[in-house]
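Read off the chains here:
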Amino acid sequence: LATYASSFIAGQLVRLNRLRRGDVAGAEELGAQLQQSAPDHRVVAQLMLYHLIPALIRCDAGDMAGAATLMQVALDESRHCNGLRFWHIFAYALGQIDETGFRSQPCKEDLIEVLRLAQALRTELTGNRQAAHSAWGIWLAGNPDILNQWIMRSIANWRIASLAK
């Protein structure tokens, strides 16, 4: 399933649909299959999905420490790829860099949209569901056009719906 980029991404979309329906067990089962293959570090969307969804599942369960641990692994694995875009997202989310550090990254394309994404992730890690709901809404309202926008919009919509409960 995770052999080709399109299969990996399609599988992650099925996983997101399961999460939106509340089928966490089904999403975890599919996730285990998808996580058997390492992501293509040249493809930011794969890297994001590979690391982001498991971390957000932990957030959803209230396990912020577990989510932070998964994000740290992602941070360590992405230190030298994709113009450091992915690294800056997770470093900001984990509080390892501030907004000035985030803005100093080499990849300036869609910088504000990506900063809003990092802010939503950082807010998730605080455990404040209302603030996280708002942060995801702010990111989504900005009409983001980044990182395979339809996938990231699916993640944002899942988070908004889940955090509203």
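Residues numbered from 1 in each chain as written. Predicted model: local features only at pLDDT ≥ 70, side-chain atom pairs only at ≥ 80, totals over all residues. Heavy atoms only, no water.

1. A look at the packing of aromatic side chains
Inspection of the entire model under this criterion finds three aromatic pairs. With 4.7 Å between their ring centres and 50 degrees between their planes, F86 and F90 make a pair best called tilted. With F86 and F90 both in helix 5 (residues 85-93) and four residues apart, the pair spans about one turn of that helix. Judged by relative accessible area, F86 falls into the buried class, the value being 0%. Between W136 and W139, the ring centres sit 6.2 Å apart and the planes meet at 85 degrees, which makes this aromatic pair edge-to-face. Note that W136 and W139 are positioned in helix 8 (residues 129-141) at a spacing of three residues, about one turn of the helix. Comparing W136 with W139 shows no difference in burial state: the two are buried. The ring of Y92 carries the charged tip of R122 above its face, separated from the ring centre by 4.2 Å. (Phe/Tyr/Trp six-rings, centres within 6.5 Å; stacked < 30°, edge-to-face > 60°. Helix = DSSP H or I, 4+ residues; strand = E, 2+ residues; numbered from the N terminus. Buried < 20%, exposed > 50% of the residue type's maximum accessible area, 1.4 Å probe, protein only. Lys NZ or Arg CZ within 6 Å of the ring centre and 35° of its normal.)

2. Some remarks on helix 2 (residues 24-34)
Within the sequence span of helix 2, burial applies to G26, A27, L30, G31 and L34. Axial view of helix 2: buried residues confined to an arc of 135 degrees, hence all on one face. Opposite the buried face of helix 2, by more than 90 degrees, sit the exposed residues A25 and E29. (Arc of directions from axis to C-beta.)

3. Some details on the pattern of salt bridges
With the rule as written, the count across this model stands at four salt bridges. Across the pair R159 and D60 runs a salt bridge whose closest N-O atoms are separated by 3.0 Å. Taken as a pair, R159 in helix 9 (residues 149-163) and D60 in helix 3 (residues 44-60) lie far apart in primary sequence, 99 residues in all. In this structure R159 comes out as buried when scored by relative accessible area, which is 0%. The structure contains a network of salt bridges with shared partners spanning D60, E124 and R159. (Salt bridge = Lys/Arg side-chain N within 4 Å of Asp/Glu carboxyl O.)

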